[in-house]
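Residue-level structure breakdown
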Amino acid sequence: MPSPPLPALPCGRFAPSPTGPLHPGSLVAALGSWLMARRAGGQWRVRIEDVDRAREVAGAARAQLAMLRACGLDWDGEVVRQSARDAHYQRALDRLLADGHAFVCHCSRSALAAVGGVHRGPCVATGPRPDPAIRLRVAPGTRIAFDDRLRGRIEQDLWADVGDFVLRRADGLWAYQLAVVVDDADQGVTEVVRGADLLDSTPRQILLQRLLGLPTPRHVHLPLLRDAAGRKLSKSLGAAALDPAEPLPALRAAWHALGQAPLPADALETWRAQALARFDPARIPTDDAPWCVAHWTRSPA
Ligand code: GLU
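So, here's what we can say about the structure. As the structure is a prediction and not an experimental result, all values here were calculated from the model.

1. Here we look at the site of the ligand
Taken together, Arg13, Ala15, Pro16, Ser17, Glu49, Tyr176, Val180, Arg194 and Leu198 make up the full set of residues near the ligand. Within the backbone of Ala15, one N or O atom sits 2.7 Å away from a nitrogen atom of the ligand. Between the ligand and Glu49 there is a distance of 2.6 Å, counted from a nitrogen atom to a side-chain nitrogen or oxygen. Summarising the interface, the protein chains cover 78% of the accessible area of the ligand, which totals 300 Å² for the free molecule. Across the shell around the ligand, the residue classes tally to five nonpolar, one polar and three charged.

2. Concerning the packing of aromatic side chains
For the structure shown, the criterion picks out four aromatic pairs. Taken together, a centroid distance of 6.2 Å and an interplanar angle of 10° make the contact between Phe14 and Trp44 stacked. Of this pair, Phe14 sits in strand β1 (residues 11-14) while Trp44 sits in strand β2 (residues 43-48), placing them 30 residues apart in sequence. We classify Phe14 as buried; its relative accessible area is 6%. Ring centres of Tyr89 and Trp174 lie 5.8 Å apart, and the angle between their planes is 65°; on these two criteria the pair is classed as edge-to-face. Of the two residues, Tyr89 sits in helix α3 (residues 86-98) while Trp174 sits in the loop between β8 (165-168) and α6 (176-186), which places them 85 residues apart along the sequence.

3. Some details on the layout of surface pockets
The calculated volume of the second largest pocket comes to roughly 160 Å³. Forming the walls of the second largest pocket are His88, Arg91, Ala92, Arg95, Val182, Ala185, Asp186, Leu212 and Leu214. Residue contributions to the lining of the second largest pocket peak at four residues, all from α3. A class-by-class count of the residues in the lining of the second largest pocket yields five nonpolar, one polar and three charged.

4. Notes on the state of the cysteines
Note on terminology: a disulfide is the covalent bond linking the sulfur atoms of two cysteines. In total, this model carries zero disulfides according to the counting rule given. No disulfide involves Cys123; its sulfur sits 3.9 Å from the nearest other cysteine sulfur, which is in Cys107.

5. Structural notes on α6
With eight of its eleven residues buried, α6 lies for the most part within the structure. Looking at α6, one finds that the buried residues are Gln177, Leu178, Ala179, Val180, Val181, Val182, Asp183 and Asp184.

6. Here we look at the sheet that holds strand β5 (residues 133-136)
The strands making up a sheet are joined through hydrogen bonds of the backbone, oriented either antiparallel or parallel. Ordered by their spatial adjacency, three strands build an open sheet running β4-β5-β8, and the pairing between neighbours is antiparallel. Edge positions in the sheet fall to β4 (102-105) and β8, since each of these pairs with one other strand and no more. Here the strands of the sheet are splayed against their neighbours by 45° on average, with no regard to which way each runs. The pairing of β4 with β5 spans four bridges and is classified as antiparallel. Bridge pairing in β5 links Val104 to Ile134.

Calculation criteria
- Residues numbered from 1 in each chain as written.
- Predicted model: local features only at pLDDT ≥ 70, side-chain atom pairs only at ≥ 80, totals over all residues.
- Heavy atoms only, no water.
- Near = heavy atom within 4 Å.
- Polar contact = N/O pair within 3.5 Å; in protein donor to acceptor, adjacent residues only side chain to side chain.
- Areas by Shrake-Rupley, 256 points an atom, 1.4 Å probe, with all protein chains shown as cover.
- Nonpolar A, V, L, I, M, F, W, Y, C, P; charged D, E, K, R; others polar.
- Phe/Tyr/Trp six-rings, centres within 6.5 Å; stacked < 30°, edge-to-face > 60°.
- Helix = DSSP H or I, 4+ residues; strand = E, 2+ residues; numbered from the N terminus.
- Buried < 20%, exposed > 50% of the residue type's maximum accessible area, 1.4 Å probe, protein only.
- 1 Å grid on protein atoms, 1.4 Å probe; cavity = no way out; pocket = protein on both sides within 12 Å on 5 of 7 lines; lining within 4 Å.
- Points joined across faces, edges and corners; volume = space filled by probe spheres on them.
- Disulfide = S-S within 2.5 Å.
- Pairing = 2+ DSSP bridges.
- Axes fitted to C-alpha atoms, helices over the stretch in contact; angles between N-to-C directions.

Spelled out as structure tokens, the structure:
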């Protein structure tokens, strides 16, 4: 079935999980996504992905928004919070259940671990559990391909690599894959620009879009920042949180990670204008960017 067309107005988004203040890797995603949307004369939206309330850190969303504001990364409309959108996810889930694409799954993690950790085909549970999960059925031979605007054609065999994936967890929480697809469609998102760590989620999201009759946005997966040992730079690895009082050094470093030539401006407003005028997506590296790390990591004590 052909996907419905995307809205004509380009619209990007930034969708941080509120698990801590904005860190350098997220700023690369935010800046890259903002630049792509604004250059195209499009909108840019912000969504706080707080479906997993246990992982939420108090005050993190406020700190993330303050950093975006300090950087001049302005957004359109209200900030959307996933925690207020249960009814939307439930409607999508009901449709997938009614159409026979989703099923109630009583398999425990340990039962699945015994068969290699992937759910494919019939459940392995021996009896019902009080809190079943709901999964999407992935048929054998389900291959999803898409064109990443930076990385070219990417294809995944969802049956072999992923299997039947969770839409609502046994603990009642919505799975990221379902929430993001429903939200991107409701927010009119046409450009998904985010870190390459989410590359292997994209085929699952495209499958859900097709089954729900939603348009598939265009995709760009930006390079990740890595430390010297090749690990994704993140707050769990001690990446310094960014300081809203000093947005320019953080923006310069994110700009550098996007492969762009240095800008002469030394004030935020001029820097922002120059960045918009000179941003060249063709310069974005497609390999991850360990060479940027020196700009961010604190020197060893
Ligand atoms: N919430 C995700 C994160 O903070 C990003 C999700 C997305 O951009 O699709 O990593």
